[in-house]
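# A look at the structure
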Amino acid sequence: MSKIIGIDLGTSTSEVSVYKDGQGVVIPNLQGEKITPSVVGLSEDGELLIGRDAQDQLLIRPKETAMEVKRLMGTEHMIALGEEKYTPQQISAHILKYLKECAEEYLGEPVDRAVITVPAYFTDEQRRATVEAGKIADLKVERIINEPTAAALAYGISHMEDNQYILVYDLGGGTLDVTVL
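In this convention, every chain numbers its residues from 1, walking through the sequence in written order. Local features in this predicted model are restricted to residues of pLDDT 70 or higher, and side-chain atom pairs are both shown and tallied only at a pLDDT of 80 or more, whereas totals for entire chains, interfaces and linings draw on every residue. In computing side-chain properties, one takes all heavy atoms of the structure into account and sets aside hydrogens as well as water.

### Considerations on the sheet that holds strand β5 (residues 39–42)
Strand pairing in a sheet is mediated by backbone hydrogen bonds. Such pairs are either parallel or antiparallel. Convention followed: Following DSSP output, two strands are said to pair if at least two bridges run between them. Secondary structure is summarised from DSSP: a helix means a run of H or I of at least four residues, a strand means a run of E of at least two, and numbering begins at the N terminus for each. Lines are fitted to the C-alpha atoms to define the axes, a helix being fitted only along its stretch in contact, and any angle between axes, read from their N-to-C directions, falls within 0 to 180 degrees.
Ordered in space as β6-β5-β7, the 3 strands form an open sheet in which the pairing is antiparallel. What marks the edges here is a single partner per strand, and that holds for β6 (48–50) and β7 (65–67). Strand-to-strand, the axes of this sheet are offset by a mean angle of 15 degrees, without reference to chain direction.

Next up, the structure:
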């Protein structure tokens with residue numbers, strides 16, 4: 001059975017991780033960075049760009065670059081990249097597929113399952129759209145978890161013996177969420 005990766009598909013940046021040797025490990029992208037800008041673009045020769053490369057061309061090629069697509073998940077809004085139009089799920093799938101490739105490179109094995117975090121305010125439609133983006137990226141989305149809940153779990157797993165209340169702030173690029181643990 002393949003490993004399950006965790007993906008924070010963020011508004012401004014995204015990350016991928018895996019539970020390895022008893023702890024969560026953030027996986028670097030193909031450029032060696034642990035944070036990948038949630039930006040997708042097309043180069044001058046039509047090559048698909050993800051992350052930093054897409055972000056770097058944003059100012060000079062804005063019509064061929066898409067960012068903050070997460071805000072459109074679950075809507076009928078179409079996103080233009082050059083002459084082509086895409087759904088938010090299709091653009092998000094490019095980011096997910098890239099993060100999947102980063103995980104496969106790091107782990108040295110195929111990955112086909114993921115847990116993806118979403119903002120706590122996401123509606124059922126937005127959650128379904130996120131699952132659809134995962135399917136497009138050839139990932140079976142095992143679970144959708146609220147971002148602040150994921151942060152609370154990450155802290156709480158190693159502090160299960162303590163009897164305390166913890167207030168978890170998720171200061172994301174596009175959202176602010178709070179969870180009590």
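### Describing helix α2 (residues 88–107)
Applied cut-off: Expected helix span is given by 1.5 Å per residue-to-residue step, counting one fewer step than there are residues.
Between its first and last C-alpha atoms α2 spans 28 Å; for 20 residues at 1.5 Å apiece the expected length is 28 Å, and the two agree. Two residues or fewer after α2 comes Gly-108, characterised by a positive phi angle close to 75 degrees.

### Regarding the pairing of strand β1 (residues 4–9)
Here is the rule: Here the term buried applies to any residue with accessible area under 20% of the maximum for its type, exposed to any over 50%, and partly exposed to those in between, with areas from a 1.4 Å probe on protein chains only.
Of the two faces of β1, only the one carrying Ile-5, Ile-7 and Leu-9 is buried; Ile-4, Gly-6 and Asp-8 on the other face are not. Two strands pair when backbone bridges link them, and β1 and strand β2 (residues 13–20) are joined in this way by 5 bridges, in the antiparallel orientation. Following the sheet pairing, Ile-7 is matched in β2 by Val-16. Adjacent in sequence and paired antiparallel, β1 and β2 are bridged by 3 residues.

### Structural notes on helix α3 (residues 124–136)
Using the following cut-off: What the arc covers is the set of directions going from the helix axis to the C-beta atoms. Any two residues having at least one pair of non-hydrogen atoms within 4.5 Å are treated as being in contact.
For α3, spanning 13 residues, the distance from its first C-alpha to its last is 18 Å, which sits close to the expected 18 Å at 1.5 Å a residue. Buried within α3 we find Gln-126, Arg-127, Ala-129, Thr-130, Ala-133 and Gly-134. Buried residues of α3, seen end-on, are gathered within an arc of 160 degrees and therefore sit on one face of the element. Seen from the buried face of α3, the exposed residues on the opposite side, beyond 90 degrees, are Asp-124 and Lys-135. Looking at the packing, one finds that the buried side of α3 touches α2, β10 (113–118) and β11 (140–146). At the C-terminal side of α3, Asp-138 shows a positive phi close to 65 degrees.

### What to know about the pairing of β10
Threshold: For a crossover, the right-handed case is the one in which the path from the first strand over the helix to the second runs clockwise, viewed with the strands pointing away from the viewer.
Counting buried positions along β10 gives 5 out of 6 residues, so the element sits mostly inside the fold. In this sheet, β10 lies alongside β1 in parallel orientation, the contact comprising 5 bridges. In the strand pairing of β10, Ile-5 is matched with Ala-114. Relative to β11, β10 runs parallel, the two being bridged by 6 bridges. For Arg-113, the partnering residue across the bridge sits in β11 and is Lys-140. Traced from β10 through α3 to β11, the parallel crossover comes out right-handed.

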